Amino acid sequence: MTATDDSRKKAGEPQCAAMPEDWQRALAVVAHPDDLEYGVAAAVAEWTARGKEVVYLLATRGEAGIDTMDPAEAARVREAEERASAAVVGVTQVEFLDHRDGVIEEGVALRRDIAGAVRRHRPDLIVTINHRETWGSAPGSPWNTPDHRAVGRATLDAVGDAGNRWIFTEQLRAEGLEPWDGVRWVAVAASPAVTHAVPVGPEAAAQGLASLREHRAYITALTREDPEAYVRSIVEGGLDMYAPRFAGRRCVAFELHPC
């Protein structure tokens, strides 16, 4: 999903503050099965262990993600893998919006769907994926995908939509929802401009590894590397990436936007 930007580790970069802890419910909104497991899942494991509630909302079922598998079968397999991976870190609610994998359109329809989920679940914190054009801040950093950009931006916009009773009013009339302006922060994962971090201990790190391992079909199709070595390089590399900016502690880092 992402790539390590070694320039982030340079001495003298701003230190990450600790993520707020005075919240109870989070909604994680991403584009594909596996987006959360490429780093965020270890933080989710820490949160659920403390009794916090986390719900996953995925824009697609990842049906275009496995070249050797028919999209309908890939959607079935990847949905099952996502539900299994979520369970590993204590998440029991996983919802899918059925936008088309690879061609998600940023716009009113996507904002409406995400705003509806915000109104249903009424979270204090929203977690989403990097919406910026690249994965890193250095010149020549890897280009981000359209799906990630669209979902991240639509999520940020949908927070305001969800609190405004005159936007998507059909949700209030037909679905019995109410406006929700209680989102206090949006935390952007894999951002090139991180500001805050969640410390991750050994147990949550192990759960993060196990969560990504559940995406067996996807990982097998994605890389020729040994799956276990691949999973460890992704998860452990991510946890170590921002330790120099967080008092040497392994962590998951976010760009935090107060609402």
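The paragraphs below set out a description of the structure included in this document. This one's a predicted model, so the numbers in the text were calculated from it and none came from an experiment.

Describing the pairing of strand E3 (residues 53-58)
Among the six residues in E3, five count as buried, and that is most of the element. One ladder, built from six bridges, connects strand E2 (residues 25-30) with E3; its direction is parallel. Residue pairing for E3: alanine 28 is matched across the bridge by tyrosine 56. Remark: the E2/helix H1 (residues 40-49)/E3 crossover connection has right-handed handedness.

Side note on the packing of aromatic side chains
For any two aromatic rings, the description comes down to two numbers: the centre-to-centre distance and the angle of the planes. This model, assessed by the stated rule, comprises three aromatic pairs. Both rings, one in tyrosine 38 and one in tyrosine 230, keep their centres 6.4 Å apart while their planes meet at 75 degrees; by these two values the pair is edge-to-face. Taken together, the residues span a long stretch of sequence, with tyrosine 38 in the loop between E2 and H1 and tyrosine 230 in helix H8 (residues 227-241) at a distance of 192 residues. Each member of the pair, tyrosine 38 as well as tyrosine 230, carries the same accessibility label: buried.

Structural notes on the pairing of strand E7 (residues 196-199)
Bridging between strand E1 (residues 17-18) and E7 involves two bridges; their strand directions are parallel. Bridged to alanine 18 within E7 is alanine 197. Here four bridges tie E7 to strand E8 (residues 251-258), and the two strands are oriented antiparallel to one another. What sits directly across from proline 199, in E8, is cysteine 251.

So, how was this worked out
Residues numbered from 1 in each chain as written. Predicted model: local features only at pLDDT ≥ 70, side-chain atom pairs only at ≥ 80, totals over all residues. Heavy atoms only, no water. Buried < 20%, exposed > 50% of the residue type's maximum accessible area, 1.4 Å probe, protein only. Helix = DSSP H or I, 4+ residues; strand = E, 2+ residues; numbered from the N terminus. Pairing = 2+ DSSP bridges. Right-handed = clockwise from strand over helix to strand, strands pointing away. Phe/Tyr/Trp six-rings, centres within 6.5 Å; stacked < 30°, edge-to-face > 60°.

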